[in-house]
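In case you want the letters, here they are:
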Amino acid sequence: MSVLDLIMRHNAYRNSVINMQASENMLSPNVKLAMSSDLGSRYSLEINGDNIYGGTRYMEEIYTETHENIKKLFKSEYAEARPLSGHIAAEISILSILNKRKIMAIPEDNGGYPGYFGGNLDRILNFKSVPVPMEGYKINYDGLENVASSEKPDAIILGQSVFIRHYDLKRIREICDKYEIKLLYDASHVLGLIAGGAFQDDAMKYSDILYGSTHKTFFGPQGGIIMTNDNKLFDKIEENSIFKTFDNFNLSRFAGLSIAVEEMLKFGQEYAGNVVKNTRNLAHSMAKNGNMIQPGTEDTETHQIILNENYLKTHGFNFITFSEEMEKSKIIIDRVGRVGTQEITRYNISCMDLISDIFYGISNKLNMSNEINNIIDKMSLKYW
Ligand SMILES: *Cc1c(COP(=O)(O)O)cnc(C)c1O
């Protein structure tokens, strides 16, 4: 089969299923239009105020307008929207604060991002990472203060890949001020919820740098944004950008992000509010439906539900085989136990009791195809 055929098949396939992966979202037709535009093979790079390329008159306007809109959306003084991914945004942010070459971050076992530990960014950027003390997915604040006061890292990086609750940022800010530590917030999973004011609405206020992916709960194509209110930090961020962590920044992707930011300015509040409401309703239904949620995560405040692996085991599944079983039934979830409501919310689905019944039915090997096909028939993309 030709690659073009495979792409067409992929499109048809992913348009005929319900996606509940916590780290993905649907692009609007306008974002897709931007991504397939002529910009996809062009350069535009301003260095000290001058563009070193020609033919860039419209791209320069898109560039300026996008950064202005991002600052408006997040109420930040400075923004850098060129990083090619959340990971690159993390890399630039860390490069901009490293001094003693030590950071604190949330361990992977407690839902933290694997990039910060175990020979990943710590190895290639040459820093030591110290775990933030946790209880499950929640921070142990007294423990955090103890470790921060003895280790005195350059920065504490908050944010999780398994992310269900906001942090007491005021308290962490006080700890950071006391020991001269920078506070970085990796909002990769929750950037769209923060933009819409439905989760951790003090993130920009208390963080020195807020950064994250543009495609999980945010409406953009895959990419990363960095924001700060500190002009010295912003200078460092800019120093670590062109020719260090990227050269071209994929202009069609950037244009897609520009449209996504406009969509967020218009619809972000309504969208993010509905995502959080849907998650809460789904969590309540699933907790009632025979304990399908990991105990202690019923109070989720984000787009994420964490499945209870013990429940699955008593029904003959693990995270991987349950995901495979769901996929056969046209619902896509990841293979580490997370379920996300952001994409179905964008598709205007709010029947969370029914979704909960479907999960319950599939875990009990019932045929739920009528219920699932009914939902798929009703899906229609909102907020664009
Ligand atoms: C997804 C994720 C990243 C990496 O983002 P990419 O855009 O895939 O590079 C970084 N940090 C956290 C917490 C994440 O969940």
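For the structure, check the block above.
Bear in mind the structure is a predicted one, so any value in this text is a computation, not a measurement.

It is worth spelling out the packing of helix α3 (residues 57-74) against helix α11 (residues 251-288) at this point. Running from N to C, α3 and α11 point in directions that differ by 40°, and their axes come no closer than 9 Å. Taken as axis vectors, α3 and α11 run oblique relative to one another. Crossing handedness for the pair α3 and α11: left-handed. Side by side, α3 and α11 meet where M59, I62, Y63, T66, H67, N69, I70 and L73 of the first sit next to L251, F254, A255, S258, V261, E262, M264 and L265 of the second.

The tally for this structure, following the rule as stated, stands at 16 aromatic pairs. On the basis of an interplanar angle of 75° and a centroid distance of 5.4 Å, the ring pair of Y113 and Y116 is categorised as edge-to-face. Overall, Y116 belongs to the buried group, its relative accessible area being 1%. Ring centres 5.4 Å apart and planes at 85° place the aromatic pair F163 and F199 in the edge-to-face group. In this pair, F163 sits in the loop between β9 (155-158) and α7 (169-178) while F199 sits in the loop between α8 (191-195) and α9 (203-206), placing the two residues 36 residues apart along the sequence. Assessed through its relative accessible area of 0%, F163 is described here as buried. The exposure class of F199 is buried, given its relative accessible area of 3%.

Take the side chain of T279 next. By the secondary structure assignment, T279 is in helix α11. At 2.8 Å, the side chain of T279 forms a polar contact with the backbone oxygen of V275. Once residues lying within four places of it in the same chain are set aside, the contact partners of T279 are T300, T302, H303, Q304, I305 and T341.

On to helix α15 (residues 352-363), then. Since the α-helix packs 3.6 residues into each turn, any two residues three or four apart lie on the same face. In this model α15 runs 17 Å from its N-terminal to its C-terminal C-alpha over 12 residues, within 8% of the 16 Å that 1.5 Å per residue would give. Within α15 the residues assigned to the buried category are M352, I355, S356, I358, F359, G361, I362 and S363. Phi turns positive, to about 60°, at K365, one or two residues after α15.

Conventions and cut-offs
Residues numbered from 1 in each chain as written. Predicted model: local features only at pLDDT ≥ 70, side-chain atom pairs only at ≥ 80, totals over all residues. Heavy atoms only, no water. Axes fitted to C-alpha atoms, helices over the stretch in contact; angles between N-to-C directions. Helix = DSSP H or I, 4+ residues; strand = E, 2+ residues; numbered from the N terminus. Parallel < 35°, antiparallel > 145°, perpendicular 65-115°, else oblique. Left-handed = near helix turned anticlockwise from the far one by under 90°. Contact = heavy atoms within 4.5 Å. Phe/Tyr/Trp six-rings, centres within 6.5 Å; stacked < 30°, edge-to-face > 60°. Buried < 20%, exposed > 50% of the residue type's maximum accessible area, 1.4 Å probe, protein only. Polar contact = N/O pair within 3.5 Å; in protein donor to acceptor, adjacent residues only side chain to side chain. Expected span 1.5 Å × (residues − 1).

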